[in-house]
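One letter stands for each residue in the lines below.
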Amino acid sequence: MKTSTVKRPKFADEKYMGSEPSVTELSSDTDMAHAYNWYNYFYTSEDAKNFTISYLKSINYDKDIINSLVQVKAIDLHNIGWNCRLLANGSTLPEGVWETIVTRIGVLVATVVENPVSAEDQSQVKVVSIQDRINHRASDLIGELEEQLDVFFKEGVIQFDVKKWALEKGIKPQIATRIAEHFRPQYEEITEALEGKDPDLVEAYAGWRAPVLKVMALFIKKIIDHLESSAEAGKTLRKPRKKKVKPPSVLVSKMKYRPDWSDLNITSIDPKGIIGASQLWVINAKTRNLSVYHAVDGEGLSVRGSTITGFEEATSITKKVRKPRDVLPQVLTLAKVPLRQVMKDLTTTETKANGRINVDTILLRVLK
């Protein structure tokens, strides 16, 4: 992979943040935190990745490991990149830091799926995923917002309209959320530094004037609030995904039922007719239990496996038939209104229909 040399930008706010840091083996955790914070402010994830690969090449690190790091997400190389930048500039790290870096590199490399394509050719065959496109788009927009922070430090005022900018860019909910998440840690750090409760943050921002920090915090908060509200609004306006409707033949494909009752010369109807029906009549040829199912709503009855669904439990009932030869012709021929009387005329015990269809069940009739 060909890595470009990253040049540190000369932002006007260096007078508040200080120049590029350096550390030694005697540096404290606070010193290291200040250095990392500086790099997080002035550089991107891609810069961190370039710093890492460039430094490892300069010390003749394992080539296979370097090639694998090419495939690692830049965001995962943040602190490694900052440490490599410090080393490349002549700094020395406190005890244990380099060992931690080596361990972390090993973990990241282990997550990379082996690819027979060389690192040099990878950029020519790699297909950019939707996730990568989102990340790249978010990164570009974050860069534009950070440029506005630079304008503030140069001119002392912010006249940037976040709402108008976001509208012109047509930012989608996912990207709006990414941008808000990017700025949130910076806002929280500045807020805590202003409150003075965290000694490390107070020291890290010691070179900044309180009025400057307050205005900066307000601007970042405005970015976060607007983009979060935009993301929520976008989710609300998004049309719900239309439920894919399966054809009746698929819904009833696993139903097990009895094709006919030869003794009574009765044949089951096509089970596809159950789908969307308002009423279904069935009888178990073995137990002689007659059941009627009434649909619970306008969508009608349906089938899941060998079970009837979408029926109203209160009105869907089962009764035993003592004389099927007399009763079943009525079920098969009566109109909808007189058909209601069939179950009422049966004097056997009424139970709730359970929806289960089995190999002894005859599908008698459906009404739409």
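1. Digging into the overall build of the protein chain
Of regular secondary structure, the protein chain possesses 15 helices and 9 strands. Out of the 368 residues belonging to the protein chain, those deemed buried represent 40%. Looking at the protein chain alone, contacts between residues at least 24 apart form 74% of all its contacts between residues at least 6 apart. Approximately 22000 Å² of the protein chain is accessible, and the part contributed by carbon and sulfur atoms is 51%.

2. A few points about the pairing of strand S7 (residues 317-320)
With 4 bridges connecting them, strand S4 (residues 289-294) and S7 associate as antiparallel partners. The residue of S7 that forms the bridge with Val292 is Ile317. Pairing of S7 with strand S8 (residues 351-352) involves 2 bridges; the strand directions are antiparallel. By the bridge assignment for S8, Ile317 is matched with Lys352.

3. Digging into the pairing of S4
Bridge analysis of strand S3 (residues 279-284) against S4 gives 5 bridges, and the strand direction is antiparallel. Following the sheet pairing, Gln279 is matched in S4 by His294. Hairpin remark: S3 followed by S4, antiparallel, with 4 residues in the connecting loop; positive phi at Arg288, about 65 degrees.

4. A closer look at the side chain of Ser268
Within the secondary structure, Ser268 sits in the loop between strand S2 (266-267) and S3. Within the structure, Ser268 has its side chain in polar contact with the backbone oxygen of Arg258 (distance 2.5 Å). A distance of 3.0 Å separates the side chain of Ser268 from the backbone nitrogen of Leu363, its partner in a polar contact. Excluding its chain neighbours within four sequence positions, the residues that come into contact with Ser268 are Tyr257, Arg258, Pro259, Asp260, Thr361, Ile362 and Leu363.

5. Brief notes about the sheet that holds S7
If you walk across this open sheet you meet the 5 strands as S8-S7-S4-S3-S9, and the pairing is antiparallel. In the strand order of this sheet, the two ends are held by S8 and strand S9 (361-367), each with one partner. Here helix H14 (residues 324-333) sits on the sheet and contacts S3, S4 and S9; the angle it forms with S9, its principal contact strand, is near 35 degrees. Contacting S3, S4, S7 and S9, helix H15 (residues 336-345) crosses the sheet at an angle of about 35 degrees to S3.

6. A word on a negative patch on the surface
Where like charges cluster on the molecular surface, the negative patch consists of Asp29, Asp31, Asp200 and Glu203. Of all the secondary-structure elements, those providing two or more residues to the negative patch are helix H2 (29-42) and helix H11 (199-204).

7. A short note on helix H5 (residues 78-88)
Buried residues dominate H5, accounting for 8 of its 11 residues. Within the span of H5, buried status applies to Ile80, Gly81, Trp82, Asn83, Cys84, Arg85, Leu86 and Leu87. Packed against the buried residues of H5 are H2, helix H3 (45-58) and helix H6 (97-110). In the segment just after H5, Gly90 is the residue with positive phi, at about 100 degrees.

8. Regarding the pattern of salt bridges
Under the defined criterion, the tally for this structure stands at 5 salt bridges. For the salt bridge of Lys169 with Glu144, the shortest nitrogen-to-oxygen distance reads 3.3 Å. Here the residue Lys169 occupies a position in helix H9 (residues 162-169), and Glu144 occupies one in helix H8 (residues 130-155), the gap between them amounting to 25 residues. Note that Glu228 is salt-bridged to Arg184, the shortest N-O span being 1.9 Å. Of the two residues, Glu228 is situated in helix H12 (residues 210-237) and Arg184 in helix H10 (residues 173-195); the sequence distance between them amounts to 44 residues.

9. A closer look at the packing of H5 against H6
Put simply, H5 and H6 touch, their axes get as near as 11 Å, and they point 135 degrees apart. Classified by the angle their axes make, H5 and H6 are oblique. Pair H5 / H6 crosses with left-handed handedness. For the pair H5 and H6, contact is made by Ile80, Asn83 and Leu87 and by Val97, Trp98, Ile101, Arg104, Ile105 and Leu108, respectively.

10. With respect to the nonpolar core
Among the nonpolar cores identified, the biggest contains 65 residues, and Leu93, Ile171, Ile179, Phe183, Tyr205 and Leu227 are the most heavily contacted of them. Take this core: its biggest share by element is 10 residues, from H12. Setting aside chain neighbours within four positions, we find Leu93 in contact with Val23, Thr24, Glu25, Met32, Asn83, Leu86, Leu87, Trp98 and Ile101. Formed by 20 residues, the second largest nonpolar core is a distinct cluster that contains Trp261, Trp281, Val342 and Ile362.

11. Some details on the confidence of the model for the protein chain
Predicted confidence across the protein chain gives a mean pLDDT of 82, with 87% of residues reaching 70 or more. In this model residues 1-13 is a low-confidence stretch, pLDDT under 50, and it forms 31 contacts with partners more than four residues away in sequence or in other chains. Segment residues 115-119 is flagged for pLDDT under 50; beyond a separation of four residues in sequence, or across chains, it makes 6 contacts in the model.

About the cut-offs
Residues numbered from 1 in each chain as written. Predicted model: local features only at pLDDT ≥ 70, side-chain atom pairs only at ≥ 80, totals over all residues. Heavy atoms only, no water. Helix = DSSP H or I, 4+ residues; strand = E, 2+ residues; numbered from the N terminus. Buried < 20%, exposed > 50% of the residue type's maximum accessible area, 1.4 Å probe, protein only. Contact = heavy atoms within 4.5 Å. Areas by Shrake-Rupley, 256 points an atom, 1.4 Å probe, with all protein chains shown as cover. Pairing = 2+ DSSP bridges. Polar contact = N/O pair within 3.5 Å; in protein donor to acceptor, adjacent residues only side chain to side chain. Axes fitted to C-alpha atoms, helices over the stretch in contact; angles between N-to-C directions. Patch = residues over 30% accessible without salt bridge, like charges linked within 9 Å, V, L, I, M, F, W, Y side chains within 5 Å. Salt bridge = Lys/Arg side-chain N within 4 Å of Asp/Glu carboxyl O. Lys, Arg positive; Asp, Glu negative; His and termini not counted. Charge placed at Lys NZ, Arg CZ, Asp CG, Glu CD. Parallel < 35°, antiparallel > 145°, perpendicular 65-115°, else oblique. Left-handed = near helix turned anticlockwise from the far one by under 90°. Core = buried A, V, L, I, M, F, W, Y, C linked by side-chain atoms within 4.5 Å. pLDDT = per-residue confidence, 0-100.

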